[in-house]
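Architecture and fold: a report
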Amino acid sequence: MTGYFENGVGELVPDALSGFARAHADLVEYDAADGYVTARHTAPTRRVGLLSGGGSGHEPLHAGYVGAGMLDAACPGRIFTSPHNRQVFRASRAVAGPEGVLHIVKNYTGDRINFGIAAERLADEGIACARVLVDDDLASDSEEIAAGRRGTGATVLVEKVLGGAADAGTGLDKLVEFGTAVAGRCRTLAVASAAHHAPTTGEPAFALPSGELEYGVGIHGERAGRTRGQGRVGALVEEMTDALLDDLRPGSGEPVVALVNGLGSVTSLELYGVFGELCRVLDARRVRLARHLVGDYVTALDMRGFSLTLMVADQVVLDFYDAPVRTPALRW
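Summarised in this report is the structure supplied together with it. Just so you know, these numbers come straight off a predicted model, no measurement behind them. (Residues numbered from 1 in each chain as written. Predicted model: local features only at pLDDT ≥ 70, side-chain atom pairs only at ≥ 80, totals over all residues. Heavy atoms only, no water.)

**Quick notes on the nonpolar core**
Nonpolar side chains in soluble globular proteins tend to be buried together. One finds Tyr65, Leu102, Val158, Leu162, Leu175, Tyr297 and Met311 to be the most contacted residues of the largest nonpolar core, which totals 59 residues. At 8 residues, helix α4 (residues 154-167) tops the list of elements feeding residues into this core. When we break this core down by domain, the ones giving at least three residues each are domain 1 (12-185) and domain 2 (186-320). Of all hydrophobic cores here, the second largest spans 27 residues; its members include Met240, Val260, Val274 and Phe275. (Core = buried A, V, L, I, M, F, W, Y, C linked by side-chain atoms within 4.5 Å. Buried < 20%, exposed > 50% of the residue type's maximum accessible area, 1.4 Å probe, protein only. Helix = DSSP H or I, 4+ residues; strand = E, 2+ residues; numbered from the N terminus. Domains from an automatic or database assignment.)

Take a look at the structure:
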């Protein structure tokens, strides 16, 4: 049984956000009354505010990516729970630019509903609002899943690229068109050898036999379609990478951006080993790795697992990806 360090039931998220804002007071502000985080600095060339959000427990997503060059606001919900439409509405109103606000939404039913209600309320006030949906999870790409692919690790890459595009003065309609295309060139696969522990009970979300992996696990502890033996990490990464490449089918000479992401309790030692194996497979497949991130970017509380994300990128995408960023969790 795992005990979380907290003051009491329901206090972990607001306490964490208050501390987060204090730790990064030069970059962000926290509106405790309405439960959202906004950037202190944004490019004067921005015509559209960028906003994302979702359940807490995935830190540093999303509040960690609020700041110059990325998000103007983030709306954290309760753990693994969509933010309320009131949060999204008020945060959107606070950061909307002359051409409105763009919502970057992970493909989950609760998120889609609450962001959709907020968009309707914004329209009633004459504030233009549009959405880019992130649905990169290859494991949930099935005709049997009515909601479609889940939104996972690619959210970070999409938010970064759209941040660069917004700083360049791109208008709302073009951001939607561009962001939708970028999201469509991203795929993610995740594996886990142990589930996260729920803060309310301290119990694991699921149990696995020793030496087994959930292959295609979700970031809320959604069970995978199958399990496999853990085995050697090289063989595992090769299987995952080939699956991503088979779906994305990058053209000859098309580079990719890679995210090797820890889901909460995998060590940096392991993640760099995974990255080395990813590089080996990409080299063997003659796929050029143009950029990469290695670390904890989209976690699932203390889940013992990792995800691989590949984004096929042309030079325009790479230029926006390379654009300056200064957030609590990402900066260059």
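**Some words on the sheet that holds strand β8 (residues 212-215)**
A sheet is described by the order of its strands in space; here 6 strands give the open sequence β9-β8-β7-β12-β10-β11, paired in mixed fashion. Among the strands making up the open sheet, the edge pair consists of β9 (226-229) and β11 (289-295). The mean inter-strand angle of the sheet, taken between neighbouring strand axes irrespective of direction, is 20 degrees. Bridging between β8 and β9 involves 4 bridges; their strand directions are antiparallel. In the sheet register, Glu214 faces β9, and the bridge partner there is Thr227. Across the face of the sheet, α4 comes into contact with β7 (186-194), β10 (256-262), β11 and β12 (304-312) while running at roughly 40 degrees to β12. (Pairing = 2+ DSSP bridges. Axes fitted to C-alpha atoms, helices over the stretch in contact; angles between N-to-C directions. Contact = heavy atoms within 4.5 Å.)

**Comments concerning helix α3 (residues 109-124)**
Taking 1.5 Å as the rise per residue, α3 with 16 residues should run 22 Å; its terminal C-alpha atoms sit 23 Å apart, in good agreement. Listing the buried residues of α3 in full gives Asp111, Asn114, Phe115, Gly116, Ala118 and Leu122. Those residues of α3 that are buried lie in contact with β3 (49-56), α2 (85-95), β5 (101-106) and β6 (129-134). In the segment just after α3, Gly126 is the residue with positive phi, at about 80 degrees. (Expected span 1.5 Å × (residues − 1).)

**Comments concerning the sheet that holds strand β4 (residues 73-79)**
As summarised here, the arrangement of the 6 strands in space is β1-β2-β4-β3-β5-β6, forming an open sheet in which the pairing is mixed. This sheet does not close on itself; its edge strands, each paired only once, are β1 (28-31) and β6. Taken over all neighbouring pairs, the strand axes of this sheet differ in orientation by 25 degrees on average, direction set aside. The pairing of β5 with β6 spans 6 bridges and is classified as parallel. Bridge pairing in β6 links Lys106 to Val134.

**A short note on unusual backbone geometry**
The omega torsion across Glu59 and Pro60 is 15 degrees, close enough to zero to call that bond cis. Note that Pro60 resides in the loop between β3 and β4. Not every positive phi belongs to a glycine, and Arg249 is a case in point at roughly 50 degrees. One can find Arg249 in the loop between α6 (233-248) and β10.

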